[in-house]
Each structure stands twice: as C-alpha cells, then as structure tokens.
Amino acid sequence: MEVQEWILKNVLEGLPSHPASYAYRRKTSIVQCATQHQGAQWMLKMDLHDFFGTVNEPSVYRVFRRLGYRKLVAFELARITTRAGTARSASWLAQVAAIPSYAVNEIGVLPQGAPTSGALANAAASHLDNYLQGLALSHRLTYTRYSDDLVFSGRSGFRRSEAEDLMKEVTGLIRKAGFRSHRGKTRIVPPGARKVVLGLLVDDTVRLLPEHRRRIEVHLRGCELHGLASHSAHRGFESVFSFVNHLDGWIAFGLGVERERAMGWRERFHLVLSQAGLPPLGQVH
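Residues numbered from 1 in each chain as written. Predicted model: local features only at pLDDT ≥ 70, side-chain atom pairs only at ≥ 80, totals over all residues. Heavy atoms only, no water.

The name given to the chain in an unreviewed UniProt entry is Reverse transcriptase family protein, and the organism recorded there is Microbacterium maritypicum.

Structure, rendered in structure tokens:
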C-alpha cells in the first residue's frame, strides 16, 4: 500500500487526463460530471463490465512506457500495481519468461480499490475516451465517463431508433478499445423521463434525489423525536456510532451538491449529538 501510494504521488500524478473522464482526478467531482448533462432531453447510459479487471498487465506496462520508463522498470512497476488474474497471453508470457523468476501462468490485472488503480485505469482507457468523444461530437452529443459509468446526452429531439443505433456504435467502440459493455445496465432515457447521472438528479440544475433528501430528513426527525440511541436501535444499526457515521456520510454527500440545504441538516445533526452528550463532528469550512 505504501509503495503504491508513493507511485501514485511521484509517478502517476503527471498523467494527462481526458477531458471527458471525471473519476480519480483531483479537483473533479460527480457534480461536475453530472453538470455536463444539465438540461439534456434524452440520455444513453452504459456501464463497462469488470472495468479494473479488464485493464491487464501489458496495458499497465504500456502506460509506464509512455511515461518514459525503460522496459524493465516499466515491467517492475506494472507487476507492483497489478495482481494475478486468470487470463493468459502467449506473447506476453513469452516476454516474461525471459526472466525465469518472474514467470507466471496468469497475466496481472488492476485490483479494485488499490491507490494506483484509478489513475492507471484512466490512462489505459484514454483511447476508449478518444473513440467515444469523437463519436459524440459527430452526433453533437455530450459524453462523459466516470470510472465505468458512461453517459451520452443530447438537447435536441432524438428518436429511439437513433439511440439504439448509437448504442450499437458505442458497444462496437468499447469492444475495439479492449473493454466490454454491461448489457444489463444499458439504459435509453427518453424526453420526459427522470434524468439521473451518478445518483444525482439532472434537469435545469443538479440536485439530490428526492429519496436521498427523504432518507436524511427521516433520520433527523427520528432522532429529534425519540433520541439518537433509540432511533439508531429502531433502525437496526449495530451501534450509535455506526449510525452517526452513516448519517454523517449522507449529509457530507449532500454538502457537495446542495450546500445550503445540507448545512441546515448538519446544524440539526450537531444539536442531536449535543443532546446525546456527544461532541460535534468536524467543522465544515
């Protein structure tokens, strides 16, 4: 973990990012990503299947080579930042076999959750972003990718048959780039339907989903009426502290989307904590 964090800070920090990619980058957020689709009349939403597991050791090796590292160093870095997978490649294994102690039967893949995986996955997917951005521009559409979450949107009228044709084109380009689409998560969102991007409601503005607001309000009212301990037990939490962390996480998410509303929630929550004899959470600036 420490070695990967060092690589992220000292090696991968300078990796260029495609403008349509919003995940695993400093000073970007899901709100910025969702805002790109603000006011859209229709959407095509797709997911990449096993995004990290599809980025294999040879792809990671090529990322380090593009950064200017010599072959052996790039190979070592690729080994450090991947884990053993199940796929095999005769050509890659033949190269690795030149160093007997490094020879294995599996090709490495990016592990989900590792410090370096997000930056490396973005770099490996840059050609995918180029393909899909070009397609979007040719159709006068907006394209974004947040990790494995792909969204295309348009402001003008669009027939469903056109959206289905676009879906086929996108699927082909995903395959060409070496990834796979998740057919079960593909959605065409027509005019008049609710537009949701990354869990946020996108219309004239970017807002929290009504169910998100209700969840927080229900918890706060329950605490205010029955007390923190009673409400958390009633809701089935293992402890008061697990409930506090849960609700604090939801409010923190809201702060990044509807700050004024969420600040009101935070003040009410601090009062609940105070009444239960607990200290307030970290102050928000």
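Student: Sorry if this is basic, but what is going on with the pairing of strand S4 (residues 142–146) here?
Tutor: Where S4 and strand S5 (residues 149–154) come together, five bridges link them in antiparallel fashion. Bridge pairing links Thr144 to Val151 in S5. Adjacent in sequence and paired antiparallel, S4 and S5 are bridged by two residues, among which Ser147 carries a positive phi angle near 60°. (Pairing = 2+ DSSP bridges. Helix = DSSP H or I, 4+ residues; strand = E, 2+ residues; numbered from the N terminus.)

Student: Any chance you could explain the packing of aromatic side chains here in plain terms?
Tutor: Each aromatic ring pair is characterised by the separation of its centres together with the angle its planes make. Under the defined criterion, the tally for this structure stands at six aromatic pairs. Between Phe51 and Phe179, the ring centres sit 5.7 Å apart and the planes meet at 35°, which makes this aromatic pair tilted. Placement of Phe51 in helix H3 (residues 51–54) and of Phe179 in the loop between helix H9 (160–176) and strand S6 (187–189) is noted, with a sequence separation of 128 residues between them. Across the pair, exposure class does not vary: Phe51 and Phe179 are buried alike. Relative to Tyr69, the ring of Phe64 has its centre 6.5 Å away and its plane inclined at 80°; by these criteria the two rings are edge-to-face. A relative accessible area of 0% means that Phe64 is categorised as buried. A cation over an aromatic ring shows up here: Arg25 above the ring of Tyr22, its NZ or CZ 5.9 Å from the ring centre. Its guanidinium or amino end placed over the ring of Trp250, Arg215 lies 4.3 Å from that ring's centre, counting from NZ or CZ. (Phe/Tyr/Trp six-rings, centres within 6.5 Å; stacked < 30°, edge-to-face > 60°. Buried < 20%, exposed > 50% of the residue type's maximum accessible area, 1.4 Å probe, protein only. Lys NZ or Arg CZ within 6 Å of the ring centre and 35° of its normal.)

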